[in-house]
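# Analysis of the macromolecular model
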Amino acid sequence: MADVTVHRHGNRWAVATSDTSSPLREFETREAAVSSARLLAEGGTVDVVDEDPSTLAGQEDDVDPAGTVGTSDDGRKDDGHLRSEQGGL
């Protein structure tokens, strides 16, 4: 019977047990993380913490450490260039 904690982890929700320092799993939604934590707890307690104990709080996926969003030469975000042309194929 493991005690399990659900907490923010950047833009996601993490599930961790009391005997581990790193999250076991991460989920897009709080509801999915809590559901997984209940299964993992096997009748033990599940604590939900809204604060992010890591240094990931407030960071967005498409922001580099300098705090600027990556853009291409034509002003579009880098995710606008998902494919590149390969000549000679």
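Read on for a plain summary of the structure. As the structure is a computational prediction, the values presented were derived from the model and not from experiment.

Moving on, we come to the sheet that holds strand S2 (residues 12-17). Strand order in the open sheet formed by four strands is S3-S2-S1-S4, with mixed pairing between adjacent strands. Each edge of the sheet is formed by a strand with only one pairing partner; in this case those strands are strand S3 (25-27) and strand S4 (46-49). Across this sheet, the average inter-strand angle for adjacent strands is 25°, counted without regard to direction. Note that S2 and S3 share three bridges and pair antiparallel. From the neighbouring strand, Ala14 faces S3, where its bridge partner is Glu26.

One can find Thr17 in strand S2. Residue class for Thr17 comes out buried when judged on its relative accessible area of 10%. Only 2.5 Å separates the side chain of Thr17 from the side chain of Asp19, close enough to count as a polar contact.

So, how was this worked out
Residues numbered from 1 in each chain as written. Predicted model: local features only at pLDDT ≥ 70, side-chain atom pairs only at ≥ 80, totals over all residues. Heavy atoms only, no water. Pairing = 2+ DSSP bridges. Helix = DSSP H or I, 4+ residues; strand = E, 2+ residues; numbered from the N terminus. Axes fitted to C-alpha atoms, helices over the stretch in contact; angles between N-to-C directions. Buried < 20%, exposed > 50% of the residue type's maximum accessible area, 1.4 Å probe, protein only. Polar contact = N/O pair within 3.5 Å; in protein donor to acceptor, adjacent residues only side chain to side chain.

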